[in-house]
Structure formats: C-alpha cells, structure tokens
Amino acid sequence: MKTWSSAGCGALALYAALMTGAQAAEPDTFKIGGVVSLSGTYGIFGEDMRKGVTVAIEQRGGKVLGKPIQVTWEDDETKPQPAVQKTTRLISDGSQMIFGAVSSASTLAIMNIAKQRKIPHLVTMSADDKITVPGGSRYTFRTSNTLGMEQRMALAYTKEQKLKRIYGVTADYQATRDSWDWYRREAEKAGIEIVGADFPPLGNRDYSSIADKIARSNADGVALFMTGSDAVTMVKQAGQIDLGKTRKIFGPVIADETMAAGVGPTSIGVQSGVRYHFTVDNEPNTAFVEAFRKKYNEYPSAAAGEAYDGMSWWLDVVEKTGSWDKEKWVEAFAGSVRDNSVEGKKIMRACDHQAMQNGLWGVVSAGKAPQPAYVMDIVRVFPPDQVFEPCAG
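Since this is a predicted model, take the numbers as computed values, not measurements.

K.L.:
Just to check I follow, could you spell out the packing of helix α3 (residues 80-92) against helix α4 (residues 104-117) for this structure?
P.N.:
Packed helix pairs are specified by the crossing angle of their axes together with the interaxial distance, meaning the distance between the axes. Remark: α3 packs on α4, axes separated minimally by 8 Å, with the N-to-C direction vectors making an angle of 30 degrees. With respect to each other, α3 and α4 are oriented roughly parallel. Relative to α4, the crossing made by α3 is right-handed. Contacts between α3 and α4 pair Pro80, Ala83, Val84, Thr87, Thr88, Ile91 and Ser92 from the former with Ala105, Ser106, Ala109, Ile110, Ile113 and Arg117 from the latter.

K.L.:
Please clarify how the environment of Gly62 should be interpreted in this entry.
P.N.:
Inspection of the secondary structure puts Gly62 in the loop between α2 (43-58) and β2 (63-64). Look past the residues within four positions of Gly62 in its chain and what remains in contact with it is Ile57, Lys67, Pro68 and Ile69.

K.L.:
What's the story with empty space enclosed by the protein in this structure? I'm lost.
P.N.:
The rolling of a water-molecule-sized probe over the atoms marks out the regions of remaining empty space. Following the criterion strictly, the structure yields two cavities of 30 Å³ or more and no others. Lining of the largest cavity is provided by 20 residues; of these, Tyr42, Ala127, Thr227, Val253 and Arg275 occupy positions nearest its centre. Where the lining of the largest cavity is concerned, the elements lending two or more residues are α6 (174-189) and β9 (221-225). In terms of residue class, the lining of the largest cavity is built from 13 nonpolar, five polar and two charged. Its volume calculated, the second largest cavity comes out at about 120 Å³.

K.L.:
Is there a simple way to explain the pairing of strand β7 (residues 165-170) in this structure?
P.N.:
Where a strand is regular, its side chains alternate between the two sheet faces. Most of β7 sits out of view: five of its six residues are buried. Note on the crossover from β7 through α6 to strand β8 (residues 193-198): the handedness is right-handed. Note: β7 against β9, five bridges, orientation parallel. In the strand pairing of β9, Tyr167 is matched with Val222.

K.L.:
What is the right way to look at the state of the cysteines in this model?
P.N.:
Formally, a disulfide is one covalent bond, and it connects the sulfur atom of one cysteine to the sulfur atom of another. Counting across every chain of the model gives one disulfide. With its sulfur 2.0 Å from that of its partner, Cys351 forms a disulfide with Cys391. Because the sign of the S-S torsion sets the handedness, a value of about 110 degrees for the bond joining Cys351 and Cys391 places this disulfide among the right-handed ones. With Cys351 in the loop between β13 (346-348) and β14 (355-356) and Cys391 in the segment after α13 (384-387), this pair connects stretches of sequence that are 40 residues apart. Overall, Cys351 belongs to the partly exposed group, its relative accessible area being 34%.

K.L.:
Teacher, can you tell me more about unusual backbone geometry here?
P.N.:
The phi angle of most residues is negative, glycine excepted, and most peptide bonds adopt the trans form. Each neighbour pair has its own omega, and for Gly100 with Ala101 the value is 10 degrees, a cis peptide bond. Residue placement: Ala101 occurs in the loop between β4 (97-100) and α4. Cis geometry is adopted by the peptide bond preceding Pro370, which originates at Ala369 and carries an omega value of 10 degrees. Note that Pro370 resides in the loop between β15 (359-366) and β16 (374-382). Backbone geometry at Glu77 places phi at a positive 60 degrees, although glycine is not the residue there.

K.L.:
Would you mind going over the layout of surface pockets with me for this structure?
P.N.:
Here the largest pocket is characterised by a volume of approximately 290 Å³. Looking at the largest pocket, it is lined by 17 residues, and the ones nearest its centre are Asp129, Thr132, Arg349, Asp352 and Glu389. In terms of residue class, the lining of the largest pocket is built from seven nonpolar, four polar and six charged. In terms of residue count, the dominant contributor to the lining of the second largest pocket is helix α9 (residues 257-263) (three residues). In the lining of the second largest pocket, the residues fall into seven nonpolar, two polar and three charged.

K.L.:
For this particular structure, what's the right way to read the environment of Gly196?
P.N.:
Locating Gly196 in the fold gives a position in strand β8. Among the residues examined, Gly196 registers a relative accessible area of 14% and is labelled buried. Taking C-alpha positions, Gly196 is 40 Å from Ala114, a pair spaced 82 residues apart along the chain. Those residues in contact with Gly196, other than ones at most four positions away along the chain, are Ile166, Tyr167 and Gly168.

K.L.:
How do you make sense of the UniProt feature "domain: Leucine-binding protein" (unreviewed entry) in the protein chain when you look at a structure like this?
P.N.:
Mapped onto the present numbering, the UniProt feature "domain: Leucine-binding protein" (unreviewed entry) falls at residues 30-359. In this annotation, residues 30-359 is assigned 43% helix and 18% strand; the end-to-end C-alpha distance for the span is 33 Å.

About the thresholds
Residues numbered from 1 in each chain as written. Predicted model: local features only at pLDDT ≥ 70, side-chain atom pairs only at ≥ 80, totals over all residues. Heavy atoms only, no water. Axes fitted to C-alpha atoms, helices over the stretch in contact; angles between N-to-C directions. Helix = DSSP H or I, 4+ residues; strand = E, 2+ residues; numbered from the N terminus. Parallel < 35°, antiparallel > 145°, perpendicular 65-115°, else oblique. Left-handed = near helix turned anticlockwise from the far one by under 90°. Contact = heavy atoms within 4.5 Å. 1 Å grid on protein atoms, 1.4 Å probe; cavity = no way out; pocket = protein on both sides within 12 Å on 5 of 7 lines; lining within 4 Å. Points joined across faces, edges and corners; volume = space filled by probe spheres on them. Nonpolar A, V, L, I, M, F, W, Y, C, P; charged D, E, K, R; others polar. Buried < 20%, exposed > 50% of the residue type's maximum accessible area, 1.4 Å probe, protein only. Right-handed = clockwise from strand over helix to strand, strands pointing away. Pairing = 2+ DSSP bridges. Disulfide = S-S within 2.5 Å. UniProt positions renumbered as here; feature names shortened; annotations may be inferred.

Printed below as a string of structure tokens:
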C-alpha cells in the first residue's frame, strides 16, 4: 500500500510539473514586431501603417487568444540592413510575428530571417512579385497588391486612352525596374512606342532636367514607376512646367491622397493604381473609416487601410485556431478567406501566399469637405482574374 501510494504521488507530481510547463509555455502577451519606414524615401508610409494596425487591434479590444497585444515598432530607414538588424532583435525579444516592411528590398530581407526562425511574417505594403511566388516562404503572407497587378492596370489604362508614345521615369530600384521592363515589353507588343526612359536614384530631389526632356519629346503619356517622396517630388516638378496639361501622367502606384497632399493642385488628373480607398462602399470599410476618423481626425490613407485590413485578417485567423502554435497559424492563414475585407472579398492563395483581390484604378480629383482637398476618385475596378495570373508551379 505504501509502494502504491508513493507511485501515485510520483505520477501526480509529474502531471503537475507537465501542467506547470504547459502553462508557462503560454505567453502573457501576444507580441508583434513592426518594422516599417519612418524615415527615408518611403518614410511617409510608415506612420500611416502604424495607425492602421492600431485601429485593428483596438477594434478587437486589444486582445487575441485572451491575451493583450503588444506591438514594438522599429524604423528600417527604408534600408534592408537596418530591417534585418531590427527584425532579428524583435524576434530575440519574443515577437511571435513580424509585420512589415514598406520597401520591397527590406521585405525580401526580412523574409529570409522569418523563414530561418520560423516566425510568421505579414506584408501589407511591399509589392515586388518575388515576395509571393509558388514555393516561396512558408512563413510570409501578403494581403495587399503586387506590382504585377498594378502594372497590368497601367497597361490597360494606356491602351484604353489610346496613348501611342510613352516616356517612362522609373526609380532606380530593382522592383520598379522589373515592373517597368514588363510594361515596356507589353506596350511595345501593342504597338506603343517608348520614346524615352530615365532611371533616377531613390530619394532624388531634382527632376527638372527629366521633366524638361519629357516636355521636348513627342510623348503623349508619361509613365511613372515610383512612389513615396520620389512620386511627390517628380509630380510637383512636372507641374511647375504644366506637363500634365499636355501629357497624361500615370503610373502603377504613383498617386494617393498622401502624394496629392504633398504636390497640391497640379496633382489633379494624375491616374494610378490604388491599393485601398476610404470610399469603397461596404459595411466593414464604413466601420473602419468611422473608427479611424474618430481616433485620428483624418481619412485613412492606402497604407493605413491595407495595414488595418491585413492585421485584422491575421488576428482573426489566429483567434480561430485557439492555439499558440505558430505552425497552426501559418497553416490556417494559407487558403483562408476574408469575406469582410474593407476592399471586398479576399482569398489567400495557398500556392504562393498572395491574396487574390480586386484592383482599383483612380484619378486625383478635387475633394469635397470633409474629405481631403485632393482625393483619388476610383474610376475602374478590375476583378481578380484580370490582374492576377494563375498560380503555376
């Protein structure tokens, strides 16, 4: 009887130890590491992304899996090396997922770290097609646009406007160069002449000589493959010589309210792909815009809307798993469906971890109070099968 009692006590002690260990494995907080550009060429996007994530977390009471959500933000300065350093530190400090970045170069660098450390990685801004390819990273997911879908919209615009001669200006950056190369090839196949092309460096401050060359060319369209402060500077300096009055200025993702506010009235008429817009008419978007305006007294930008939508989707999926196992989160997100997206229905493709979604195309127009002074007027919606190629491989 004494022997049985000792064995029973030993079993109970082992069970208690295992239970204690299991409880210790459940963290006190859900830690998110945010790596975004708060300075550098794409610094105008990072703060808006942070705002979108903040609203997504607040709308669910600041918790997931019953634990408070804690976000630690880092500035990658729009450079891959700081992005890697800060991502590594965030993971070492216990981040259970990584959110970011803005620059595709930074995102591709973060992808490698996330894959090595088996940490989920959510992308809501970077558009390089190489981020989501068949057989790519198990741990990285993109809920926002690709450059591929945006360049297809830009080509469709070129054809619909019957533009015959294009001058291209492309930021000297691998993702935008790749996008321009695709556009140039497809435009030439359609009989459209490329009359000139320039590749200024990221962060370029003087586009006056390029604008002058365009003005002296016979181009009827100006295709701009750039974004961020580069877009603001280029469009502003083009406006100083009234380039938009004689040529159609457009680009895959050249314009949004942030760009238009930085440029002013000469941005009116510029056409562009749009990644999110506050005027999308559905209940989830109406609720988001209302919450965002209440908190920040402004309309959400494309960067804020995409960040909100992606983070809300991710946290909803994590909640549904009821588990702290990161592998289960990854498995659940692959192939998940977001019926209540602020942009309309989105479907996460398991083959490449890219969200299938509508493509928006808009033109900068004068806003009406209480809207910003300059807004994107959505003039075309492309269904997913028109802007995404089938997943091969």
